[in-house]
Amino acid sequence: MFQRIIDGISASTGTTIRLTSLAAGTAFALFITTCFLCAAAFISVLEKYGPVQACLAGAGIFFLLTLAAAGSYWGYKREAQKRARITAERAAKSAAASMLADPMLLATGLQIVRAIGVKRLLPILAIGGVALGVMASRAGAAEDASAEPAE
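Thresholds, definitions, all that
- Residues numbered from 1 in each chain as written.
- Predicted model: local features only at pLDDT ≥ 70, side-chain atom pairs only at ≥ 80, totals over all residues.
- Heavy atoms only, no water.
- Helix = DSSP H or I, 4+ residues; strand = E, 2+ residues; numbered from the N terminus.
- Buried < 20%, exposed > 50% of the residue type's maximum accessible area, 1.4 Å probe, protein only.
- Areas by Shrake-Rupley, 256 points an atom, 1.4 Å probe, with all protein chains shown as cover.
- UniProt positions renumbered as here; feature names shortened; annotations may be inferred.
- Salt bridge = Lys/Arg side-chain N within 4 Å of Asp/Glu carboxyl O.

**Student:** Outline the overall build of the protein chain, supporting the account with residue identities and numerical values.
**Tutor:** Within the protein chain, the secondary structure is distributed over four helices and zero strands. Its helices and strands in sequence order give the protein chain the pattern α-α-α-α, from N to C terminus. Of all 151 residues assigned to the protein chain, the portion counted as buried reaches 3%. When the accessible area of the protein chain is evaluated, it comes to approximately 13,000 Å², of which 72% is carbon and sulfur surface.

The following block contains the structure:
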């Protein structure tokens, strides 16, 4: 049984290493291609306009590429934060729903109500409800304050 697991892990590891080395080779080839394209553009502008203009043109192109990459990173970061917030909200809702649907929890609650009695339990539930409302309002205020972190 363990041999199958080990064989599966080693096969997937080998595949991952092969794919990673292929991706690294592709990235290196793309880097070399980009270097030659930049050199060709630089030489073309150098012959037509001069060295200062060629350097400024190269800097402008790389500045635009940097802005595009930064914008892409910023958008991806915001999307990841949004997905994480939605996932956390869903997890909180499902955790609360699963607690209320648990038969052991319901049976324990019924036993507590029988033992204490409904007349004595009503003031305790009212105080608990008020405390839960205060906690929920504080949690909402804390989330609103930290919604936009400073960088």
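**Student:** Break down the UniProt feature "transmembrane region" (unreviewed entry) in the protein chain for me, with residues and values.
**Tutor:** UniProt records the feature "transmembrane region" (unreviewed entry) at residues 21-45, 51-76 and 121-141, using the numbering of this structure. Taken end to end, residues 51-76 is 100% helix and 0% strand, and its first and last C-alpha atoms sit 38 Å apart.

**Student:** Break down the environment of Cys38 for me, citing the residues and quoting the values.
**Tutor:** Secondary-structure assignment places Cys38 in helix H1 (residues 2-49). Taking the relative accessible area as the measure of exposure, Cys38 reaches 27% and is therefore partly exposed. The sequence separation of Cys38 and Phe62 amounts to 24 residues, and the corresponding C-alpha distance is 9.7 Å.

**Student:** Talk me through the pattern of salt bridges; I want residue IDs and the actual numbers.
**Tutor:** Counted according to the given criterion, the structure contains one salt bridge. In this structure, Arg83 engages Glu79 in a salt bridge whose closest nitrogen and oxygen atoms are separated by 4.0 Å. With Arg83 and Glu79 both in helix H2 (residues 51-100) and four residues apart, this pair spans about one turn of that helix. Given the relative accessible area of 39%, Glu79 is considered partly exposed.

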